[in-house]
Amino acid sequence: MEGYDHPLPTRRQMLRALMVLPTTLALPAYAGLLGREWTPEVLAQTPGLPPTPVCTDAEDATPRQTEGPYYKQNSPQRTSLVEPGLTGTPLHLTGYVLSRRCQPLARVLLDFWQADARGQYDNLGYRCRGHQFTDDAGRYHLETVVPGLYPGRTRHIHVTVQAPDRPPLTTQLYFPGEPRNGRDGIFNPALVMALQDTTDGKAARFNFVLDIS
Ligand code: FE
């Protein structure tokens, strides 16, 4: 069944994960940007988010994963899922959407959905759901909270990534060092985000690679 295999990451995937890790020295400045308006100028000046992606011209495409039962169409367009009453550890996720030749892809749709900090999906409304588009440099950023655990799964965020006039890539992002990662049959180490603690919560990085040359 699609998404239920979990191959080991390739050497290239491991290298890419290491390359997107922000440096420890950059963290205070990076953390200070949490909650601020992420204009292109701010993004360009952000330590840990290189002005151009660091990768080779022969990237492996991001693996597909099962959509799961909780996707809802027509999520609101927003880069922050934080709203009144939403509790949990703040999580700021950033990265690029790239072609397999490492070209940043603009105007790519990213539709995120996740459980809240209590491990619950909002299937009536749109809490912890939102879509956005990459900017001209192929960048995205999401303000959210660390999703809670629910029975049978490790900690994860769902996302669909779709370039204009291309088929969608549906996948999931994972957290490093989670005890349940090794017991979740859907977990794929190639989809683990680079994660750092900040003064406000956590900062995560992940670059999506679409099967576009
Ligand atoms: Fe889920």
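Conventions we followed
- Residues numbered from 1 in each chain as written.
- Predicted model: local features only at pLDDT ≥ 70, side-chain atom pairs only at ≥ 80, totals over all residues.
- Heavy atoms only, no water.
- Helix = DSSP H or I, 4+ residues; strand = E, 2+ residues; numbered from the N terminus.
- Contact = heavy atoms within 4.5 Å.
- Areas by Shrake-Rupley, 256 points an atom, 1.4 Å probe, with all protein chains shown as cover.
- Phe/Tyr/Trp six-rings, centres within 6.5 Å; stacked < 30°, edge-to-face > 60°.
- Donors = N, O, S within 2.8 Å, 3.2 Å for Na, K, Ca; no water.
- Tetrahedral: all angles 85-135°; square planar, octahedral: opposite > 155°, others 65-115°.
- Buried < 20%, exposed > 50% of the residue type's maximum accessible area, 1.4 Å probe, protein only.
- Pairing = 2+ DSSP bridges.
- Axes fitted to C-alpha atoms, helices over the stretch in contact; angles between N-to-C directions.

Draft legend 1. Representation of the overall build of the protein chain. Secondary structure summary: the protein chain contains three helices and nine strands in total. When its helices and strands are written in sequence order, the protein chain yields α-α-α-β-β-β-β-β-β-β-β-β. The long-range share in the protein chain, meaning contacts at least 24 apart out of those at least 6 apart in sequence, stands at 75%. Looking at the protein chain as shown, the accessible area adds up to about 10,300 Å², and 53% of this sits on carbon and sulfur atoms.

Draft legend 2. Broad picture of the packing of aromatic side chains. This model, assessed by the stated rule, comprises eight aromatic pairs. Measuring from centroid to centroid gives 6.4 Å for Y70 and Y150, while their planes differ by 80°, and the two rings are edge-to-face. In this pair, Y70 sits in the loop between helix 3 (40-45) and strand 1 (90-98) while Y150 sits in the loop between strand 4 (139-145) and strand 5 (156-162), placing the two residues 80 residues apart along the sequence. Look at Y140 and F208: their rings are 5.6 Å apart centre to centre, the planes differ by 50°, and that puts the pair in the tilted class. Remark: F208 occurs in strand 9 (residues 208-209) and Y140 occurs in strand 4; sequence separation between them is 68 residues.

Draft legend 3. Seen up close, the environment of T87. Residue placement: T87 occurs in the loop between helix 3 and strand 1. Separated by 30 residues in the primary sequence, T87 and A117 place their C-alpha atoms 6.6 Å from one another. Each residue touching T87, except ones within four places of it in the same chain, is listed here: A117 and V145.

Draft legend 4. Representation of the coordination of the iron ion in the model. Looking at the iron ion, the protein donor atoms are Y121 (OH), Y150 (OH), H156 (NE2) and H158 (NE2), and they sit 1.9 to 2.1 Å from it. Geometry at the iron ion is irregular, judged from its four donor atoms and the angles of 91 to 157° they form at the metal. Binding-site remark: the iron ion is held by donors from one chain whose sequence spacing is Y-x28-Y-x5-H-x1-H. For the pair shown, H156 and H158 are each scored as buried.

Draft legend 5. Fine view of the sheet that holds strand 5. Here four strands make up an open sheet; going across it, the order is 3-2-5-6 and the pairing antiparallel. Bordering the open sheet on either side are strand 3 (129-133) and strand 6 (169-174), each of which pairs with just one other strand. The average angle at which neighbouring strand axes cross in this sheet is 20°, direction not considered. Direction of pairing for strand 2 (residues 109-113) relative to strand 5: antiparallel, over a ladder of five bridges. Pairing of F112 across the sheet is with V159, part of strand 5.

By themselves, these are just geometric observations and shouldn't be taken as functional.
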